[in-house]
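# Close look at the chain arrangement
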Amino acid sequence: MSFLNVIESYNIDFEKYEEKLSFDEIKKSIYKEKKSEFDYLNLLSYKAGNFLEEMAKEAQKITFQYFGKTIQLYAPLYISDYCTNSCIYCGFSALNKIKRQKLTLKEIEENAKEIAKTGIKHILFLTGEAPEITPMEYLLDTVKILKKYFSSISIEIFPMNIEDYKKLAEAGVDGLTIYQETYDRKIYDSIHLAGKKKDYVFRLDTPERGAIAGFRRVNIGALYGLADPLKDAFFSGLHARYLQDKYIDTEISISFPRINPAEGNFQPKYHLDDKRFVQFICAFRLFLPRCGITISTRENARMRDNLIGLGITRMSAGSKTSVGGYKYDNLPSQFEISDSRSVFEIEKVIWQKGYEPVFKDWHQF
Ligand code: SF4
């Protein structure tokens, strides 16, 4: 059984569904204790935009109930931008003729020290997909260094098999982030021009392999702008529920990244506006109350500040999206960040909002 079977079991005409949907049904869905996938779809609909205030109040209440008034902070560290894939929306695509970088172990340590100075304890390290350049030994050495400075280590690297994930988990990696990018198989095929990433099903099953391998936390999501946002929000929500129900020992969380400008000048065909973006976050919170929601610096400061209290539980802070960007300037980045505030500034905002910034909620022995 794969989540693919779940996707294929739905044959919804989303437009017709929305046409028939009544305001009464949406109101019921907001307050229903255990929500079905169709309640979730009702909350994602355009019509539900009329109830955004009510949804936001409920989302705030539920987030407080399940997570308290806390926001966990982390920082991403890009260690290599070599990539054999050609994702047309990404600055690191093999199609882009940029000067590639891979950090030496010494450079990784220098960057780790810079990040650790800010108080960050949770690190997410990233690479493109080029296993010949960033082989397992290199990744394990990276983990060994990062363990000296951080209490929780997550990866956002190329999809692996269970055995390789187990090696990383045993070395001390406790979190995996892997985005499906889009759940629309046709569009997926048309924007991933070459490389291993063309394999939609292998990628779709990756979070599951991560949970089986023993990662404590698995974070999934779609990249908004690539395909119809409603369908991607619906299927990513279902994917989170599927994983949560099947792997009860794994903490499942979700992100809602929207496309930002990157090298290659990709122009997104679909647009998820701010209001609907907030609506999606509230809808997801109401659908899966105990699932974490992560927000990155793809969003601007105003949006990130306003989302505190509305369902999000985890934020990146002080991020650099170029390789070794904490120590070295002016290198190409994967995408432009929209919130360049320091960790200290973000920490201050969280306190001002009446929330507690959490730097550490896990210790690896
Ligand atoms: S999104 Fe990831 S896999 Fe695709 S080109 Fe960028 S770095 Fe490579």
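Described in the following lines is the structure provided in the data block. (Residues numbered from 1 in each chain as written. Predicted model: local features only at pLDDT ≥ 70, side-chain atom pairs only at ≥ 80, totals over all residues.)

Taken N-terminus to C-terminus, the directions of helix α6 (residues 105–117) and helix α7 (residues 136–147) make an angle of 30°; their axes are 10 Å apart at the nearest point. On the basis of the axis angle, α6 is roughly parallel to α7. α7 is crossed by α6, and the crossing has right-handed handedness. When α6 is examined against α7, the residues Leu105, Ile108, Glu109 and Ala112 are found in contact with a partner set consisting of Asp141, Thr142, Ile145 and Leu146. Tallied by class, the residues present in the contact of α6 with α7 amount to five nonpolar, one polar and two charged. (Axes fitted to C-alpha atoms, helices over the stretch in contact; angles between N-to-C directions. Helix = DSSP H or I, 4+ residues; strand = E, 2+ residues; numbered from the N terminus. Parallel < 35°, antiparallel > 145°, perpendicular 65-115°, else oblique. Left-handed = near helix turned anticlockwise from the far one by under 90°. Contact = placed C-beta atoms within 7 Å. Nonpolar A, V, L, I, M, F, W, Y, C, P; charged D, E, K, R; others polar.)

A few words now on the site of the ligand. Around the ligand, the structure places Cys83, Asn85, Cys87, Cys90, Phe92, Ser93, Gly128, Glu129 and Lys197. Its residues assigned to classes, the shell around the ligand comprises four nonpolar, three polar and two charged. (Near = placed C-beta within 6 Å.)

Looking now at helix α13 (residues 274–287). Here α13 is 14 residues long and its end C-alpha atoms lie 20 Å apart, about the 20 Å a rise of 1.5 Å per residue gives. Of all 14 residues making up α13, eleven are buried, and the element is well covered by its neighbours. For α13, the set of buried residues is Arg276, Val278, Gln279, Phe280, Ile281, Cys282, Ala283, Phe284, Arg285, Leu286 and Phe287. (Expected span 1.5 Å × (residues − 1). Buried ≥ 20, exposed ≤ 12 C-beta atoms within 10 Å, placed from the backbone.)

As a further point, take unusual backbone geometry. Working note: non-glycine residues mostly have negative phi, and peptide bonds are mostly trans. Of note in this structure, Glu181 is not a glycine but carries a positive phi near 70°. Assignment of secondary structure puts Glu181 in the loop between β4 (173–177) and α9 (185–191). Assessed through the 24 C-beta atoms surrounding it within 10 Å, Glu181 is described here as buried.

What follows concerns α6. The end-to-end C-alpha distance of α6, which contains 13 residues, comes to 18 Å, matching closely the 18 Å that a straight helix rising 1.5 Å per residue would cover. All of the buried residues along α6 are Ile108, Asn111, Ala112 and Ile115. Along the axis of α6, the buried residues cluster in a sector spanning 105°; they form a single face. Exposed residues lying more than 90 degrees from the buried face of α6 are Lys106 and Lys117. (Arc of directions from axis to C-beta.)

On to the nonpolar core, then. Residues Leu43, Leu44, Met55, Ile123, Ile281 and Ala283 are the most contacted members of the largest nonpolar core, which totals 95 residues. Not counting the four nearest positions on each side in its chain, Met55 is found in contact with Ile30, Leu43, Ala48, Gln279, Cys282, Ala283 and Leu286. (Core = buried A, V, L, I, M, F, W, Y, C linked by C-beta atoms within 7 Å.)

The next subject is the packing of helix α4 (residues 37–44) against α13. Between α4 and α13, whose axes approach to 9 Å, the crossing angle comes to 160°. Here α4 lies roughly antiparallel to α13, going by the angle between them. You can see that α4 and α13 cross each other, and the crossing is right-handed. For the pair α4 and α13, the contacting residues are Tyr40, Leu43 and Leu44 in the first and Phe280, Ala283, Leu286 and Phe287 in the second. By residue class, the composition of the contact of α4 with α13 is seven nonpolar, no polar and no charged.

Moving on to the environment of Leu95. Mapped onto the elements of the fold, Leu95 is located in the loop between β1 (70–78) and α6. Spatially, the C-alpha atoms of Leu95 and Asn85 are 8.3 Å apart, while their sequence positions differ by ten residues.

Relative to the elements of secondary structure, Tyr165 occurs in helix α8 (residues 162–171). With 48 residues separating them in the primary sequence, Tyr165 and Ala213 have C-alpha atoms 5.8 Å apart. Not counting chain neighbours up to four residues away, the residues in contact with Tyr165 comprise Met160, Arg209, Gly210, Ala213 and Phe215.

A few words on the pairing of strand β7 (residues 292–295). Neither face of β7 is exposed, since Gly292 and Thr294 on one face and Ile293 and Ile295 on the opposite face are all buried. Taken together, the three bridges between strand β6 (residues 251–255) and β7 define a ladder with parallel strand orientation. Residue pairing across strands places Ser253 opposite Gly292, the latter belonging to β7. Crossover connection from β7 via helix α14 (residues 301–307) to parallel strand β8 (residues 314–316): handedness right-handed. (Pairing = 2+ DSSP bridges. Right-handed = clockwise from strand over helix to strand, strands pointing away.)

Here the focus is the pairing of β4. Most of β4 is tucked away, with five of its five residues classed as buried. Looking at chain direction, strand β3 (residues 152–156) and β4 are connected through three bridges and run parallel. By the bridge assignment for β4, Ile153 is matched with Val173. Crossover connection from β3 via α8 to parallel β4: handedness right-handed. Two elements, β4 and strand β5 (residues 217–221), share three bridges in a ladder whose sense is parallel. Of the residues in β5, the one forming a bridge with Thr177 is Asn219.

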